Amino acid sequence: MPATTATPADSFRDYVHARVGALARTAFLLTGDWHLAEDLVQQTLTKVAARWEQIVAAGNPDPYVRRVLYHQHVSWWRRWRREPVPVAAVPEVAGADPHALTATAIAVRQALARLTPKQRAVLVLRYFEDLTETQTAQVLGVSTGTVKSQTRDALARLRTVAPELADLQEASR
């Protein structure tokens, strides 16, 4: 029997099925809105699908897809220069005390909304995606020094505009 090989369409479908949840969560952290996050993921995957064979041939597609996601997000705020839109409903979170987790989620989301899109992208990549400074710089297409300074500035801004997060940090220790 001849061995069956997966077509690029099958490969892309499998990748999307496996990674769409993680991409949507990252997009939500960037946009602060589930609907915008879904749009961002859809536009990202549309761009990626057009070059899927080349992306897969180069190796692991995750870094490339994340880079497209972040660049697409930056393109949005550059184009529209709009303020973050607060969401009407808090997404469900699993855990022992849903009220505490909801309060934490709201505080973090509001704090992230007060940052510039670049600062938000750096913090999401560094602390949510758990990327190194070098990996973050590669994804965003900037220097490592820029990542360091954006991280420093973003954390300083968070301390200023969201001092309640310091209480959350102490409670987690």
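Up top you'll find the structure we're talking about.
Because the structure is predicted, anything quoted here is derived from the model rather than measured.

What to know about the overall build of the protein chain
Part 1 of the reasoning: The secondary structure content of the protein chain amounts to nine helices and zero strands.
Part 2 of the reasoning: Its helices and strands in sequence order give the protein chain the pattern α-α-α-α-α-α-α-α-α, from N to C terminus.
Part 3 of the reasoning: Per-residue burial for the protein chain yields a buried fraction of 35% across its 173 residues.
Part 4 of the reasoning: Partitioning the contacts of the protein chain with sequence separation of at least 6, the portion at a separation of at least 24 is 65%.
Part 5 of the reasoning: Carbon and sulfur atoms form 55% of the exposed surface of the protein chain, whose accessible area is close to 10700 Å².

A word on the packing of helix H1 (residues 8–31) against helix H6 (residues 117–128)
Part 1 of the reasoning: Two elements in contact, H1 and H6, have axes separated by 9 Å at closest approach and are oriented at 140 degrees. Both H1 and H6 take part in a crossing whose hand is right-handed. Between H1, through Arg 25, Thr 26, Leu 29 and Leu 30, and H6, the contact on the second element is made entirely by Arg 120, Ala 121, Val 124 and Phe 128.
Part 2 of the reasoning: Residue classes in the contact of H1 with H6 are distributed as five nonpolar, one polar and two charged.

Re the side chain of His 73
Part 1 of the reasoning: In this structure, His 73 sits in helix H4 (residues 62–80).
Part 2 of the reasoning: Filtering out sequence-adjacent residues up to four positions away, His 73 remains in contact with Leu 30, Thr 31, Leu 40 and Pro 117.

A closer look at the packing of H6 against helix H7 (residues 133–140)
Part 1 of the reasoning: Between H6 and H7, the shortest axis-to-axis distance is 10 Å and the interhelical angle comes to 135 degrees. By the criterion of interaxial angle, the relationship of H6 to H7 is oblique. Of the two possible hands of crossing, H6 and H7 adopt the one that is right-handed. Every residue of H7 that contacts H6 at Ala 121, Val 122, Leu 125 and Arg 126 is listed here: Glu 133, Thr 136, Val 139 and Leu 140.
Part 2 of the reasoning: For the contact of H6 with H7, the residue count by class is five nonpolar, one polar and two charged.

Details of H7
Part 1 of the reasoning: Those residues of H7 that fall on the buried side of the exposure criterion are Thr 136, Ala 137, Val 139 and Leu 140. Projected down its long axis, H7 shows its buried positions confined to an angular sector of 165 degrees, all on one face.
Part 2 of the reasoning: Immediately beyond the C-terminal end of H7, within one or two residues, lies Gly 141, with a positive phi of roughly 70 degrees.

Let's talk about the pattern of salt bridges
Opposite charge on two side chains permits pairing when their charged atoms draw close.
Part 1 of the reasoning: For the structure on display, the rule yields four salt bridges.
Part 2 of the reasoning: One salt bridge in this structure joins Asp 10 and Arg 13, with 2.8 Å as the shortest N-O distance. Residue Asp 10 and its partner Arg 13 are located together in helix H1, separated by three residues, close to a single helical turn.
Part 3 of the reasoning: According to the relative accessible area criterion, Asp 10 is partly exposed, its value standing at 27%.

What counts and how
- Residues numbered from 1 in each chain as written.
- Predicted model: local features only at pLDDT ≥ 70, side-chain atom pairs only at ≥ 80, totals over all residues.
- Heavy atoms only, no water.
- Helix = DSSP H or I, 4+ residues; strand = E, 2+ residues; numbered from the N terminus.
- Buried < 20%, exposed > 50% of the residue type's maximum accessible area, 1.4 Å probe, protein only.
- Contact = heavy atoms within 4.5 Å.
- Areas by Shrake-Rupley, 256 points an atom, 1.4 Å probe, with all protein chains shown as cover.
- Axes fitted to C-alpha atoms, helices over the stretch in contact; angles between N-to-C directions.
- Left-handed = near helix turned anticlockwise from the far one by under 90°.
- Nonpolar A, V, L, I, M, F, W, Y, C, P; charged D, E, K, R; others polar.
- Parallel < 35°, antiparallel > 145°, perpendicular 65-115°, else oblique.
- Arc of directions from axis to C-beta.
- Salt bridge = Lys/Arg side-chain N within 4 Å of Asp/Glu carboxyl O.

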